[in-house]
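Below are the chains, spelled out letter by letter.
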Amino acid sequence: MSAETSAAPGQFTRRRLQFRAWRGSRPFWAGLFVLLGGLPIMYFPYAHLQVGHLTLAMSTTAGAGSLIIGVLLVVLGISLWFQKHIRVFAGVASILLGLVSIPVSNFGGFLMGFLLALIGGAMAVSWAPGVPPARQDDESTGKPGEPGPADAVDESNDLSGTSPANGANGRHSAG
């Protein structure tokens, strides 16, 4: 194999597009923010800073609580990536864990972990799966004023039970 031989042509582009499609079908950025929010919350209670010959121990009495909060945030972030149906639970849980981290772990990892957990949790709660774009059928009339088949009401999506097809004539039945 020579230096000029590369991997299969288009391999990088194909993998990049696959990752982009995977990323777009789930709350990827919310999971990333929640995961990154757990890291400083876990790290700072066990960190030792060197200032010249002086060692500053950032240890707190609630170091175990900080570790638990950080690990839970990392697990919630990974769960958002691979189980998108728990997005509301994971978002609310990460917001609550971020708030609890303020008194427990050095002001929530010196506000870095706290802010990342809150932003990621809010993004997870507000994320909604995308709807595929509607297809343009060739059967439509194409004239602006006339309704075509694309403008017809789909009776199977009527959850109110008031469609004229079932005899309700647009009114609810109170009986």
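The structure this text deals with has already been given above.
Residues numbered from 1 in each chain as written. Predicted model: local features only at pLDDT ≥ 70, side-chain atom pairs only at ≥ 80, totals over all residues. Heavy atoms only, no water.

**Quick word on helix α3 (residues 63-82)**
At step 1: Its 20 residues give α3 an end-to-end C-alpha distance of 29 Å, which sits within 8% of 28 Å, the value for a rise of 1.5 Å per residue.
At step 2: Among all positions of α3, only Gly63, Ser66, Ile69, Gly70, Leu73, Val74, Leu76, Gly77, Ser79, Leu80 and Trp81 are buried.
At step 3: Close packing links the buried residues of α3 with α1 (11-24), α2 (28-43), α4 (87-104) and α6 (112-126). (Helix = DSSP H or I, 4+ residues; strand = E, 2+ residues; numbered from the N terminus. Expected span 1.5 Å × (residues − 1). Buried < 20%, exposed > 50% of the residue type's maximum accessible area, 1.4 Å probe, protein only. Contact = heavy atoms within 4.5 Å.)

**Focus on the nonpolar core**
At step 1: Counting 13 residues, the largest nonpolar core has Val34, Ile69, Leu73, Leu76, Leu80, Ala90 and Leu97 as the members making the most contacts within it.
At step 2: Counting residues per element, the ones that place at least two in this core are α2, α3, α4 and α6.
At step 3: With 4 residues, α3 is the single largest residue contributor to this core.
At step 4: Residues contacting Ile69, with those up to four places away along its chain left out, are Ile41, Leu97, Val100, Ser101 and Val104.
At step 5: Counting residues in each nonpolar core, the second largest holds 5 residues, with Phe28, Leu35, Met42 and Trp81 among its members. (Core = buried A, V, L, I, M, F, W, Y, C linked by side-chain atoms within 4.5 Å.)

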